[in-house]
Each structure stands twice: as structure tokens, then as C-alpha cells.
2 protein chains.
Amino acid sequence: MDHVTKEAFLQRYAFLAVHVGVGLKPGQRLVIRTPLDAAPLVRHITAAAYQAGAPYVNVMWSDPEVAKARFLNAPEDSFEEVPYGNAAALEGMALRGDAFIAITGEDPEALKEADPARVSRSRSALSKSLKAWRKLQMSDAVPWSVIAAPSPGWARKVFPGVPDDEAMDALWNAIFQAIRLDQEDPVTAWQAHVDALETRATLLNDNRFDALHFRGEGTDLTVGLAKGHIWKAGASVTKDGQSFVANLPTEEVFTAPHAQRVNGTVRASLPLSTAGHLIRDFSMRFEEGRVVEAHAREGQEVLDRMLDMDEGARRLGEVALVSADSPIRKAAELFYNTLFDENAASHIALGEAYRFSAEGGIEASDEEAAAIGLNTSLIHVDFMIGTAEMDVDGVTADGSRMPVMRSGAFVLGD
Amino acid sequence: MDHVTKEAFLQRYAFLAVHVGVGLKPGQRLVIRTPLDAAPLVRHITAAAYQAGAPYVNVMWSDPEVAKARFLNAPEDSFEEVPYGNAAALEGMALRGDAFIAITGEDPEALKEADPARVSRSRSALSKSLKAWRKLQMSDAVPWSVIAAPSPGWARKVFPGVPDDEAMDALWNAIFQAIRLDQEDPVTAWQAHVDALETRATLLNDNRFDALHFRGEGTDLTVGLAKGHIWKAGASVTKDGQSFVANLPTEEVFTAPHAQRVNGTVRASLPLSTAGHLIRDFSMRFEEGRVVEAHAREGQEVLDRMLDMDEGARRLGEVALVSADSPIRKAAELFYNTLFDENAASHIALGEAYRFSAEGGIEASDEEAAAIGLNTSLIHVDFMIGTAEMDVDGVTADGSRMPVMRSGAFVLGD
């Protein structure tokens with residue numbers, strides 16, 4: 001990709017992130033949380049946000065190499081430390097109505113050499129400190145959007161065996177394609193796409209299923225749905241009526257499982273990058289909502305620590321359906337990055353449920369949320385279970401069944 | 001420079017910054033304020049700080065390109081905006097006793113295309129917001145050190161007409177040389193250097209001069225000294241007894257002028273990079289401490305805006321003597337960066353005085369400080385006046401004169 005072409009794509013990407021991703025309003029400030037490697041994109045987003053009338057763009061940089069230096073060198077009793085003032089600043093900016101863009105793209109195994117126990121303690125402390133801010137985000141109090149930019153470490157993983165420059169270009173291209181930047185008018189293309197996803201969500205909502213039944217190789221899982229569950233897709237809306245798209249790309253329709261009503265066995269269909277480590281070839285068994293067994297060919301310790309983070313880490317907070325013909329699949333076979341892989345395959349998430357995924361969820365106390373079936377946890381980790389062979393049935397309260405997906409494709413309403 | 005050699009130098013640099021620069025104690029947290037381009041050095045400093053027992057290293061990144069995008073694109077009424085929570089976090093970290101490393105190295109003309117009025121408004125707002133933290137730093141309440149790392153934009157300026165890679169390597173080399181990393185044991189070399197500078201400061205303190213008289217081409221300036229002024233050099237010490245070196249490199253002995261007793265004309269001997277612009281070939285005339293005339297061949301508007309920042313911006317806050325045979329001169333003729341150029345030439349600073357530069361200054365109220373002659377301002381901008389031809393006399397209260405520098409070289413006590 002020549003420099004001019006790439007700059008033009010980055011400019012379109014930035015425009016999309018600002019106007020479709022967070023739907024920035026004139027006068028609204030923007031916060032960008034990003035790794036250093038995304039600097040070329042961040043600069044374009046900053047310019048686009050100011051051009052859209054933002055009074056300030058606050059870029060909060062992080063560096064996986066600095067994090068690694070910590071995990072390899074810091075004193076053993078220091079991993080509960082969190083950056084001073086960070087949580088308060090994020091909460092303050094959310095309360096005054098700033099928009100939030102998070103950029104993902106780290107090497108999926110950035111912390112491979114680090115002790116998973118240290119990483120886990122640090123993530124737990126950070127999650128606790130960010131609880132208030134995270135609650136605001138997970139209840140859509142503010143517009144937020146997660147987008148991606150390549151790093152050399154990530155690009156090498158997705159396109160191995162070629163020089164770094166080529167791998168980076170190939171990954172940029174895959175991302176541009178996945179988020180429809182190759183279309184003549186990406187903003188209009190996104191509007192049409194969001195509408196189509198919302199039609200699918202409406203169809204699922206109209207059917208009022210009580211549970212979903214997933215069947216595939218290694219998977220026989222019944223996922224009960226939360227009381228008054230709401231399927232969502234495409235765009236979200238803040239309480240002030242601001243429309244935003246929380247993930248670029250997004251291909252999913254999703255809702256909240258009932259944290260107590262998940263039973264059976266599930267096999268992950270793709271590797272999971274979490275906490276800077278890869279977990280490969282893993283499966284779990286659920287009893288009454290709880291993971292009672294979990295095995296991984298690689299990354300068992302990381303998986304165990306994730307499940308042990310708190311009680312809610314063993315229960316589901318999200319179930320999402322994605323057709324196996326998702327355009328993400330055409331961009332690359334495997335991204336090793338949840339933002340992409342979760343939009344190429346049906347998935348479930350361990351941990352915190354989105355409060356807006358059930359009627360009354362946003363206003364509910366923690367106890368009331370639990371009664372509805374909404375899970376509470378410091379974590380929210382998606383992992384992919386969908387395959388091109390998977391069948392999904394919708395099961396209603398009276399026990400009748402309806403095909404929702406067949407051989408990986410969405411068929412409800414066909 | 002091959003990769004291995006450079007990594008070895010970076011490691012020594014990081015060790016020097018942590019152990020000599022801020023003199024980090026086990027259990028003390030470190031804050032690093034840095035542009036993105038310094039990432040390779042930052043990662044080494046982070047590792048060195050953790051190895052020295054820091055429980056946490058908080059890296060606060062900034063990007064001149066993001067700043068530029070703001071100045072070129074943001075709404076006209078937005079330049080008083082400051083990053084949310086930043087000032088409070090810096091103050092909080094200083095109050096709990098963290099150490100602070102600041103890395104300089106931006107392109108000296110990073111904001112060349114930006115409107116100086118916008119830059120000036122933004123810097124004024126930022127300085128106001130950081131007042132409490134800056135006061136803690138300028139009174140040596142915390143250990144702090146300013147160090148440098150090249151950026152391509154800076155390297156191109158110092159070594160023009162060669163490819164970026166070569167210019168970067170040449171600038172790294174010049175920095176390594178300037179901070180004595182080429183010596184067998186840099187920490188011991190620094191101890192000897194600091195001792196020599198402190199001897200020079202003692203000599204000046206013993207003489208109790210009332211004023212200094214600078215004479216050179218275009219310069220005939222009498223700088224009255226603050227009541228009870230104290231010459232400092234080399235290492236500083238916090239009130240808790242922690243030794244640190246506020247600038248790497250440092251070749252100066254410095255004290256506080258009397259803000260009301262500066263008279264005559266001074267010509268800058270080197271260009272000044274400030275607010276992302278260059279000011280070249282400039283001179284000023286002082287009357288009773290105040291700049292009453294200032295002319296620049298290039299950068300007049302930036303110079304005027306600096307002087308108009310507040311009342312104290314037209315008065316001096318520092319006077320510093322540097323021998324013209326400083327080793328910085330051997331590393332490069334002109335750095336376009338104050339950290340280096342101020343250690344290659346005698347200099348004065350407009351704006352805020354260091355409170356520790358006069359007896360009773362730290363405890364003094366603003367009124368008491370003014371009575372001593374200590375200047376107060378939102379700015380503190382050093383500029384170089386020393387040349388290889390300059391003579392400096394010390395003038396005592398009874399009017400007698402003593403040679404302090406002759407033809408740019410320190411001669412007092414010879």
C-alpha cells in the first residue's frame with residue numbers, strides 16, 4: 001500500500017470512528033485510549049474530532065512494552081498498584097458526557113513471558129479501580145466505540161512468514177475491508193448494515209425465546225436467557241439519545257444469558273487472546289450457569305486465573321449470534337483479536353452482563369439484576385464458539401423449538 | 001551505531017537517569033512525562049526503576065503531532081481547555097513523594113504551522129492549571145530530572161542533510177557523549193563532575209556579589225542578585241534529604257537575579273526553541289528589571305506573546321554561568337534544545353525564580369518573595385547569552401569588581 005493510499009484510508013477510518021463509532025456531537029470532548037503503535041490513526045482521529053467541533057481530545061496512551069517491563073521487573077508485592085488519578089479522571093470525563101474511543105491492536109501474546117499470576121492480580125486491581133467508569137460505559141451512559149489498529153506483533157501473528165512491513169500493510173488492508181472502508185461511501189454503507197442487523201435483533205425479540213440450544217462438534221450447550229432479555233445489534237443509543245456503534249466492525253446480535261441457567265458443554269472454535277496470553281483448544285462444562293470444568297491444550301493457567309477472578313467470572317454475561325458468512329471471514333481467516341474474531345463467529349462472554357440487555361436492568365440494584373439473571377463480575381471476556389457446522393435452536397417457555405441458525409448461517413425468519 | 005551498542009547505551013542511560021537523575025529510593029514511585037518518540041529509552045527507564053524497587057512507574061505520554069492537530073483544527077474558543085484530571089494527578093503524585101523524570105526531544109519547530117496566539121493561550125491555561133504541581137517541583141519538594149531523547153524532527157535540525165536514521169544515530173551519540181555515558185563508569189564520573197560544579201558554586205557564594213556585569217558583542221547587562229541569593233550547581237536535595245540532578249546534562253552554576261534590578265542590553269547567542277517555534281537573532285533591553293524592548297529577526301510574534309504572558313514574564317528568574325569550554329560544545333555546535341544549549345553557554349531565564357535560590361525563599365509568601373527579589377510568573381524560559389568572547393564581572397555592594405569569567409571561561413578563584 002503506498003503512502004498516499006494509506007493516508008486516505010486512515011482519514012476515512014478516522015471520519016468513520018468519529019461520526020459513526022461515537023457519533024460525536026459539536027461541543028463534545030473525546031477521550032482516546034490507545035497503544036502507542038496506533039499513533040498514525042490516532043492523529044487522524046484527533047484532527048477529525050476537532051473538525052467535528054470537539055473542544056478537546058484527550059489521548060491516553062499505553063505501551064505493552066512498558067507493561068511487560070513491569071511484569072518482568074517490579075517487586076512481587078506491587079501488582080495491586082494502579083495509575084494514580086486514572087480511574088477518577090475516566091469517571092469524571094464520563095460524567096460530564098465525553099465520548100470514548102478505545103483502540104485495540106496489541107500483540108496477542110504481548111505478555112507471554114510474564115507470570116500469569118502477576119498479570120491477573122494487576123488486572124483485578126485495575127478492574128476494581130475502574131468499576132464506576134466501567135459501569136457508566138457498560139450501561140451506555142456515554143457513547144463509546146472500540147476500533148483496531150495493527151501493531152507489528154499482531155500483524156506477524158495474522159500474516160506469519162512475511163516481512164513486518166508487508167504484514168502490517170496486509171493487516172491494515174484486512175481491517176479496512178472488515179469495516180467497509182473499501183465501499184464508495186462507508187458512512188452510508190454502515191447505515192444500511194446497521195439497519196440489517198437491527199432487523200435481525202427485532203426478529204429475535206419478537207420470538208421471546210426462553211433459551212438457545214447450541215449444537216456442534218464438541219458443543220451441546222443450552223443457554224437460558226435473562227428475564228425480559230433484549231436483543232441488541234448495530235447502533236446503541238445513550239440515555240440522551242446519542243447514537244453510536246460500540247464496535248467497529250460489528251456483525252453480531254447479542255443479549256444477556258440468565259447467569260443461573262446455562263447447562264452443557266461448549267468447545268471454543270478459535271484461540272482466545274486475553275491478558276497478553278493465548279488460550280488454545282479449550283472447552284468448558286456448565287452446571288446451572290456455573291463453569292464446573294475447563295480444559296485448555298495451551299494456556300490452562302491463564303484460563304484458570306480468569307475463571308477465578310471472582311464468582312461472576314464463571315458465569316455468562318453475553319450470548320451473541322454471528323452468521324458464518326460474516327465479511328470479517330473474507331478479510332482474514334483468524335485475527336487473534338476478539339474485536340474481529342467475535343464478529344466472525346457466534347460467541348459467549350464470561351463475566352459482567354450489559355445492563356441494557358434486559359428490561360429494567362439499568363435502574364436495577366445488584367440484587368434486582370441478579371434476580372433477572374444479569375451476571376456481575378470484574379471481567380467481561382468474549383470467546384468464540386461458532387463454526388460453519390453449528391446449529392442453534394430457539395427454545396420457547398413451553399418447550400417448542402425453532403431453528404435460528406443452521407450450518408452456521410442465520411435462518412430465523414427465512 | 002549497531003543495535004547491540006545502542007541498547008547497551010540506552011541501558012546505561014536509564015540507569016543514570018534513575019540512580020543519578022532522580023536518585024530513586026526503593027519503594028518510591030516514578031512518573032515519566034515523555035513524547036512518544038522516546039519510547040525505546042522510556043522502556044529501559046521503566047525496567048531500571050522497577051529493578052530499583054519502584055512499586056509503580058506511571059508513564060504519561062504526549063505526542064507533538066496530536067498537539068499540532070489540535071492547533072490546526074480545534075474550535076477557536078477551545079484553547080483554554082486542559083486535559084481533565086491531569087493537574088490533580090501530578091499534584092497528588094508529588095504530594096505523596098513520587099519522583100519525576102521529564103523527557104525532552106521534540107522537533108524544535110513542531111508547531112511552526114500553528115498560530116502562535118492559539119499556542120500561547122493553551123500554554124497559559126496549562127501553566128495555570130499546573131501551578132500547584134509546578135510550585136512543588138520548583139521548590140525541590142520532589143526529586144525531578146529533565147533528560148533528552150531524539151526525535152526525527154529534532155535530529156534533522158541538529159544534523160541536516162543526512163538520512164533520518166543517520167541523523168538520529170548522530171544525535172543519540174551526541175547525547176550519550178554530553179551525559180558522559182562514554183566514560184567507563186558514568187555514575188562515578190557524574191559524582192566527580194557534580195563535586196567540581198559544587199566547588200564553583202561555593203566560590204561564588206563566598207564572594208557575596210551584589211550584581212553581575214555581562215559584556216560581549218551586543219551585550220552590556222547588569223544583573224542584580226536577589227537578597228540572600230544562593231548559587232547552586234550539580235545535585236539538588238529535597239527537604240527529606242534525597243539527592244537528585246535536575247538536568248542531565250548540567251554544566252551550570254545558577255542563582256536568582258533580583259527581579260527589579262536588571263539594567264542594560266543583552267543579545268541572545270543561540271536560537272531559542274519555545275512553544276514549538278524558533279526565535280532567532282534576538283535582543284532585549286531591561287530597565288529596572290523589566291524588558292522594555294525586544295527584537296527578533298525571526299519569531300517576533302512568539303517572543304512578544306511570551307513576554308506578554310504575565311507581568312513576571314518580562315523579568316528574570318534565573319542567571320546561570322557556563323564555561324565556554326563545556327563538553328556539550330564538543331558533542332554538537334548547536335542543539336536547538338535548551339537542555340543542551342543552556343549547558344553550553346551562560347544564560348538567563350525570563351519568568352519564575354526557583355524559591356530555593358535565596359535564603360528563606362521556600363517558606364516565603366509571594367509578597368515576601370517579591371521583597372527578596374524572587375520573580376513570579378507562569379513561565380520559566382531560559383535563553384543563551386554566553387559566547388567565547390564574553391566577560392563577566394562580579395560587583396560587590398561597595399562597588400568593587402572581580403573577574404568571574406574572561407573570554408567565556410570561568411576564572412574566579414584561579
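Residues numbered from 1 in each chain as written. Chains lettered and ligands numbered in written order. Predicted model: local features only at pLDDT ≥ 70, side-chain atom pairs only at ≥ 80, totals over all residues. Heavy atoms only, no water.

Let's talk about the sheet that holds strand β1 (residues 30–35) of chain A
All names here are of chain A. Counted only if it meets this: When DSSP locates at least two bridges between a pair of strands, those strands are taken to pair. Strands are runs of DSSP state E lasting at least two residues, helices are runs of H or I lasting at least four, and both sets are numbered from the N terminus onward. All axes here are fitted lines through C-alpha atoms, helices being fitted over the stretch that makes contact, and every angle between N-to-C directions spans 0 to 180 degrees.
Taken in spatial order, the four strands line up as β2-β1-β3-β4 in an open sheet, and their pairing is parallel. A single partner strand is all that each edge strand has here, and the edge strands are β2 (57–62) and β4 (144–148). Each adjacent strand pair in this sheet contributes to an overall mean axis angle of 15°, direction not counted. Relative to β2, β1 runs parallel, the two sharing six bridges.

Here we look at the packing of aromatic side chains
Working definition: an aromatic ring pair is given by the centre-to-centre distance plus the angle between the planes. What counts, and what does not: Note on aromatic contacts: the rings of Phe and Tyr and the six-membered ring of Trp form a pair at centre separations within 6.5 Å, being stacked when their planes are under 30 degrees apart, edge-to-face when over 60 apart, and tilted otherwise. A 1.4 Å probe rolled over the protein chains alone gives each residue an accessible area, and that area as a share of the maximum for its type sets the label: buried under 20%, exposed over 50%, partly exposed in between.
By the definition in use, this model includes 25 aromatic pairs over all chains. Residues Phe-100 of chain A and Trp-133 of chain A carry aromatic rings whose centres are separated by 5.7 Å and whose planes lie at 50° to one another, so their mutual orientation is tilted. One end of the pair, Phe-100 of chain A, is in strand β3 (residues 99–104); the other, Trp-133 of chain A, is in helix α6 (residues 131–138), and 33 residues separate them in sequence. Of the two residues examined, Phe-100 of chain A and Trp-133 of chain A, each falls in the buried class. Aromatic side chains Phe-9 of chain B and Phe-176 of chain B sit 4.7 Å apart centroid to centroid with 10° between the ring planes, which places their arrangement in the stacked category. With Phe-9 of chain B in helix α1 (residues 3–21) and Phe-176 of chain B in helix α8 (residues 164–178), the pair connects residues that are 167 residues apart, well separated along the chain. Like Phe-9 of chain B, the residue Phe-176 of chain B is buried in the burial classification. Cluster of aromatic residues (ring-pair linked, three or more members): Trp-144, Phe-244, Phe-254, Tyr-354 and Phe-356 of chain B.

Remarks on the pairing of strand β18 (residues 391–395) of chain B
All names here are of chain B. Of all five residues in β18, four are buried, a share of seventy percent or more. Taken together, the four bridges between β18 and strand β19 (residues 401–406) define a ladder with antiparallel strand orientation. The residue of β19 that forms the bridge with Val-392 is Met-405. In sequence, β18 turns back onto β19 through a hairpin of five residues, with Gly-399 there showing a positive phi of about 90°.

A short note on the domain arrangement of chain A
Residue and element names in this part refer to chain A. Filter applied, for reference: Where each domain starts and ends comes from a domain assignment, either automatic or drawn from a database. A simple way to read buried area is as the amount of 1.4 Å-probe accessible surface that goes missing from two parts once joined, with both sides added. Any Lys or Arg side-chain nitrogen located within 4 Å of an Asp or Glu carboxyl oxygen qualifies as a salt bridge. Pairs of N or O atoms are called polar contacts if they sit within 3.5 Å, as long as, within protein, a hydrogen donor faces a hydrogen acceptor (for residues adjacent in sequence, only side-chain-to-side-chain pairs).
Once the domains are mapped, chain A shows domain 1 (3–178) and domain 2 (200–233 + 250–410). Each of domain 1 and domain 2 has a C-alpha centre, and the two are 24 Å apart. Of the roughly 2,700 Å² buried where domain 1 meets domain 2, counting both sides, 65% is carbon and sulfur surface. The interface formed by domain 1 and domain 2 includes zero salt bridges. The interface formed by domain 1 and domain 2 includes nine residue pairs in polar contact (both at pLDDT 80 or more).

Thoughts on the sheet that holds strand β7 (residues 232–233) of chain A
Residue and element names in this part refer to chain A. Within the open sheet, the five strands sit side by side as β7-β10-β15-β16-β17. Their pairing is antiparallel. Every other strand in the sheet has two partners, leaving β7 and β17 (380–384) as the edge strands with one partner each. Of the strand pairs in this sheet, strand β16 (residues 347–351) and β17 are connected by five bridges, and their pairing is antiparallel. Directly across from Gly-351, in β17, lies its bridge partner His-380.

Describing α8 of chain B
All names here are of chain B. The condition that has to hold: Take the number of residues in a helix, subtract one, and multiply by 1.5 Å to get its expected span.
Here α8 spans 21 Å end to end across 15 residues, near enough to the 21 Å set by a 1.5 Å rise per residue. Considered for burial, the residues of α8 that qualify are Ala-167, Met-168, Leu-171, Trp-172, Ala-174, Ile-175, Phe-176 and Ala-178. Downstream of α8 by a residue or two, Arg-180 has a phi angle that is positive, lying close to 65°.

Digging into the packing of helix α4 (residues 86–95) of chain A against α6 of chain A
All names here are of chain A. To keep it simple, the criterion reads: Note: crossing handedness is left-handed where the near helix turns anticlockwise from the far helix by less than a right angle, and right-handed where it turns clockwise. Two residues qualify as a contact provided that any one of their heavy atoms is within 4.5 Å of a heavy atom in the partner residue. Amino acids are sorted into nonpolar (Ala, Val, Leu, Ile, Met, Phe, Trp, Tyr, Cys and Pro), charged (Asp, Glu, Lys and Arg) and polar (every other residue, Gly among them).
As a packed pair, α4 and α6 sit with axes 8 Å apart at the nearest point and diverge in direction by 35°. Crossing handedness for the pair α4 and α6: left-handed. The segment α4 lies against α6, with Leu-90, Glu-91, Ala-94 and Leu-95 engaging Ala-132, Trp-133 and Leu-136. The residue makeup of the contact of α4 with α6, split by class, is six nonpolar, no polar and one charged.

Overview of the packing of helix α2 (residues 39–51) of chain A against helix α3 (residues 64–73) of chain B
Our working rule: Note on terminology: angles under 35 degrees are roughly parallel, angles over 145 are roughly antiparallel, angles of 65 to 115 are roughly perpendicular, and the others are oblique.
Remark: α2 of chain A packs on α3 of chain B, axes separated minimally by 9 Å, with the N-to-C direction vectors making an angle of 20°. One element, α2 of chain A, and the other, α3 of chain B, form an angle in the roughly parallel class. When the axes of α2 of chain A and α3 of chain B are compared, the crossing they make is right-handed. For the pair α2 of chain A and α3 of chain B, contact is made by Val-42, Arg-43, Thr-46, Ala-47, Tyr-50 and Gln-51 of chain A and by Glu-65, Val-66, Ala-69, Arg-70 and Asn-73 of chain B, respectively. Looking at the contact of α2 of chain A with α3 of chain B residue by residue, the classes come out as five nonpolar, three polar and three charged.

Some points on the relation of the copies chain A and chain B
Selection criterion: The least-squares superposition of copies is restricted to C-alpha atoms, and to residues with a pLDDT of at least 70 in both copies.
Superposition of chain A onto chain B requires a rotation of 180° combined with a translation of 0.0 Å along the rotation axis, giving an RMSD of 0.0 Å. Those values place the two copies in the arrangement expected of a two-fold rotation axis. Minimal C-alpha separation from the rotation axis in chain A is found for Trp-61 of chain A, amounting to 3.0 Å.

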